[in-house]
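What follows is each chain in one-letter form.
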Amino acid sequence: MAIAIGSETLGLAVPPFTQHAISVSLPTWRDNVGYEEGEKRILDSMVSGYPRFFIHLSIQKLANICEQKFGVNGEKCLLCPSKKIADQCRTFILNRAALVETPTHVRLVQYFICPEDSSAQTRRCADLHIALFPANLSPISKQFWQHTGLGISSRFAEHCLSLLPGQDEQNPQSLPGSPTLPRSPFRTSNKYYSVKHPAVGIPSGGVSYPSSTVVSSDVLSRDQSTYLEERYGRNLPLSAAAYAKRALRRRIAGVLVRDNVQDGPQGPCAGTQDVEIGPSSRGVQDVSEDDVFLFPTGMAAIWNAHQLCLRARPPAKSACFGFPYVDTLKILEKWGPGAHFFGHGLDSDIDTLESLLAEESNIDPTKPPILALFTEFPSNPLLRSADIPRLRALADRYDFLLVVDDTIGNFVNVEVLPYVDIVATSLSKIFSGHSNVMGGSIVLNPKGRHYAALKNHMATAYEDTYFNEDALFMERNSRDFAQRIQTIDDNAQAICAFLRSRSTAEGAPDAVIKEVFYPRYMTPTNYLQCKLPEGGYGGLFSLSFTSLAASKAFFDALPCQKGPSLGTNFTLACPYTILAHYTELEWAAQYGIEEGLVRISVGMEEKDALLRSFDIALKAAEAAE
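Residues numbered from 1 in each chain as written. Predicted model: local features only at pLDDT ≥ 70, side-chain atom pairs only at ≥ 80, totals over all residues. Heavy atoms only, no water.

S.K.: If you had to explain the confidence of the model for the protein to someone new, which residues and values would you point to?
M.R.: Looking at the protein, the pLDDT average stands at 88 and 87% of residues meet or exceed 70. Considering only residues more than four positions removed or in separate chains, one finds that residues 172-219, a stretch of pLDDT under 50, has 147 contacts. In this model, residues 230-234 is a region of pLDDT below 50 whose contacts with residues beyond four sequence positions or in other chains number 7 contacts. (pLDDT = per-residue confidence, 0-100. Contact = heavy atoms within 4.5 Å.)

S.K.: If you had to explain the pairing of strand β9 (residues 372-376) to someone new, which residues and values would you point to?
M.R.: For β9, the tally of buried residues reaches 5 of 5 residues, placing the bulk of the element in the interior. The two faces of β9 match: A372, F374 and E376 on one face and L373 and T375 on the other face are all buried. Here strand β7 (residues 318-321) pairs with β9 via 3 bridges, running parallel. Looking at β9, one finds that C320 is bridged to F374. Two strands pair when backbone bridges link them, and β9 and strand β10 (residues 401-405) are joined in this way by 5 bridges, in the parallel orientation. Residue pairing across strands places F374 opposite V403, the latter belonging to β10. In this fold, the crossover linking β9 to β10 by way of helix α13 (residues 388-398) has right-handed handedness. (Buried < 20%, exposed > 50% of the residue type's maximum accessible area, 1.4 Å probe, protein only. Helix = DSSP H or I, 4+ residues; strand = E, 2+ residues; numbered from the N terminus. Pairing = 2+ DSSP bridges. Right-handed = clockwise from strand over helix to strand, strands pointing away.)

S.K.: Let's hear about the sheet that holds strand β4 (residues 107-113): which residues, and what values?
M.R.: Taken together, the 3 strands give an open sheet; going across it, the order is β3-β5-β4, and neighbouring strands pair in antiparallel fashion. Looking along the sheet, the strands with just one partner apiece sit at the ends: β3 (76-80) and β4. Strand-to-strand twist of the sheet, defined as the mean angle between neighbouring strand axes without regard to direction, takes the value 30°. In terms of strand pairing, β4 meets strand β5 (residues 126-133) through 7 bridges, oriented antiparallel. By the bridge assignment for β5, I113 is matched with A126. Sheet strands touched by helix α5 (residues 138-148): β3 and β5. Its angle to β3, the strand with the most contacts, is close to 15°. (Axes fitted to C-alpha atoms, helices over the stretch in contact; angles between N-to-C directions.)

S.K.: I'd like a description of helix α15 (residues 468-478), backed by residues and values.
M.R.: Of all 11 residues making up α15, 9 are buried, and the element is well covered by its neighbours. Residues of α15 that are buried include every one of D470, A471, L472, F473, M474, E475, R476, N477 and S478, and no others.

S.K.: Could you give an account of the nonpolar core, naming the residues involved and the relevant values?
M.R.: L373, F541, L543, F554 and I600 are the most contacted members of the largest nonpolar core, which totals 78 residues. Per-element accounting of this core gives the leading share, 7 residues, to helix α16 (residues 481-500). Ranked by size, the runner-up nonpolar core spans 72 residues in total, among them Y50, I55, V106 and M458. (Core = buried A, V, L, I, M, F, W, Y, C linked by side-chain atoms within 4.5 Å.)

S.K.: Let's hear about the sheet that holds strand β17 (residues 598-601): which residues, and what values?
M.R.: An order of β13-β14-β17-β16-β15 is seen for the 5 strands of this open sheet, with the pairing classed as mixed. Of all strands in the sheet, those bounded by a partner on one side alone are β13 (513-517) and β15 (561-562). As judged from the 4 bridges shared by strand β14 (residues 540-545) and β17, these two strands associate in the antiparallel manner. From the neighbouring strand, L543 faces β17, where its bridge partner is V598. Packed onto the sheet, helix α18 (residues 548-557) meets β14, β15, β16 (572-574) and β17 and runs at close to 140° relative to β14.

S.K.: So, the packing of aromatic side chains: which residues are in play, and what are the values?
M.R.: To describe a pair of aromatic rings, you give the distance between the ring centres and the angle between the ring planes. Going through the model one piece at a time under the given rule, you end up with 25 aromatic pairs. Geometrically, the ring pair formed by F321 and F342 is tilted, given 6.4 Å between the ring centres and 35° between the ring planes. Linking F321 in strand β7 with F342 in strand β8 (residues 339-342), this pair joins segments that are 21 residues apart in sequence. Per residue, the accessibility class of F321 equals that of F342, and both read buried. Ring centres of F431 and F481 lie 4.9 Å apart, and the angle between their planes is 50°; this geometry places the pair in the tilted category. With F431 in the loop between β11 (422-426) and β12 (440-444) and F481 in helix α16, this pair connects stretches of sequence that are 50 residues apart. Of the two residues, F431 and F481, neither departs from the other in class, the shared state being buried. By way of ring pairs, the aromatic residues F377, Y518, Y521, Y527 and Y537 are connected into one cluster. Here R282 stacks its cationic end above the ring of F411, 4.2 Å away from the centre of that ring. (Phe/Tyr/Trp six-rings, centres within 6.5 Å; stacked < 30°, edge-to-face > 60°. Lys NZ or Arg CZ within 6 Å of the ring centre and 35° of its normal.)

S.K.: Can you break down the packing of helix α12 (residues 347-363) against α13 residue by residue, with the values?
M.R.: One can describe the packing of α12 onto α13 by two numbers: an axis separation of 11 Å at closest approach and a directional angle of 0°. The angle between the axes of α12 and α13 places the two elements in the roughly parallel class. Between α12, through D347, I350, D351, L353, E354, L357, A358 and S361, and α13, the contact on the second element is made entirely by R390, L391, L394, R397 and Y398. Tallied by class, residues from the contact of α12 with α13 come to 7 nonpolar, 1 polar and 5 charged. (Parallel < 35°, antiparallel > 145°, perpendicular 65-115°, else oblique. Nonpolar A, V, L, I, M, F, W, Y, C, P; charged D, E, K, R; others polar.)

S.K.: So, empty space enclosed by the protein: which residues are in play, and what are the values?
M.R.: Throughout the structure, instances matching the rule amount to 7 cavities of 30 Å³ or more. The space that makes up the second largest cavity amounts to roughly 260 Å³. For the second largest cavity, the lining is made up of 22 residues, of which M299, Y325, D405, S426 and K429 are closest to its centre. Counting residues per element, the ones that place at least two in the lining of the second largest cavity are α10 (298-312) and β11. The biggest single contributor to the lining of the second largest cavity is α10, with 4 residues. Of the residues contributing to the lining of the second largest cavity, the split by class is 12 nonpolar, 6 polar and 4 charged. (1 Å grid on protein atoms, 1.4 Å probe; cavity = no way out; pocket = protein on both sides within 12 Å on 5 of 7 lines; lining within 4 Å. Points joined across faces, edges and corners; volume = space filled by probe spheres on them.)

Printed below as a string of structure tokens:
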């Protein structure tokens, strides 16, 4: 089926007709800039967005109900899946408010929701935890939601609404008479993936919804959604969630001798007790499913990895190596003692890091000079790979923890676990591929020096807040991820070879492409140190151009889906720097993140068709010069 990619898709869900889509269509460069600048044409069209930035309409509706039921004096709220997370939210809001000398309070309410109809008792109850605070603290609460990824999911919200009287039958997109929110004066420095509809953001006093004309073209009714999910086998009984989570942990641990992708009477066969388990394929044979911990989002995995480091080791600043997805840096800066930032992520930065470690050790030789080093392998969006073995040697010498986010490389292509203490992964990306569910994981290395301490802390501190229905979708989506990755790797390598042959980096005459940022070309020696023999280079790459006009022309002419996120089964492009760093272009440029950078996540389309598409875009860029 052909997918519309023109201006008519602006603001609609990506993928189309997906109630829990985690991307949104921004099909032209102008649309992306207009979104950043708050253009009404853009804001009024939005019905979707990335969940940590766009508050799903079902969550907005539930929050509005909670504010009316429990709020006093105009209090606003943030919805959490557990008391522990609500406590962490309260602590964050109070601490950040204290930094700006704002006296305040945060109240916590537990809302245990059960169906009133006794005949519906088979439907499980919902345990919702609500943080209530004065309206002027909404910008701070939004930081907690964005940075940690710990808020409730849209499926959790829909379940809660289904249990409330009169809420089950009505789609949140078509509610009549919804009050309209004034726009918050808060402007986050990184709005990556967000959708700034006036109703979007932490709910603050009311919810407005997109017009019914937009909704009717992209939003399915509950009955339609249920039919499609059941028709195509996406749903399993919720009692199967424990099996799904066990299957996910085994799949991530690499211990399934044969990954049975069928369903049994009680749930996924890969999660049954009698499935054949063997040594791990992750490079450390002793890894087991018990070393894998699931989280509701990739950032929740990063946040929890950092919290684990803080609990298990002496306090110190962390190091962020390479230009990361910005919330990783924010987590290291806003929780704990702070962070050292090595934004280029080159070998020369390791020299600087080594000097810092020696200097800090000389100051106080009784404790490690840093708490932990966090890095992506490879990095997003420049696809640079750190010298992981060298970082491991420094971690051993100076006794700090090494944490690697392998989302972009993925464990089908690269093997980083033998070198690190903790691997964090966003399962929302290629592991899922379908762009319809969030998830994250961390894996502990049982051969690591501090494994025992880390495992003991996880045994006492970990709580499973991954919503059951989300886990069912993730398990189903991930069954063929290894095969999908091979196809995507092959497509991306062919496209990057074509584009680089037409770049100034390869000496092509009159080229409009300056560089193709792809692990095969960026710090390749470092990447190859961890690349598996049958692994590829992943599906993500970025392009820089000789002029901003060429960047715009290429992006606008590229016939594929346009929007945030990556690791999708379909090709997805975005003007990365515009979306991620529009208010800090000069700062980003210091680290090689140019304003005209275009990032592409390659999908599973037919290779020749993809090559033709990129040729079309390249010709448009050449004509714009």
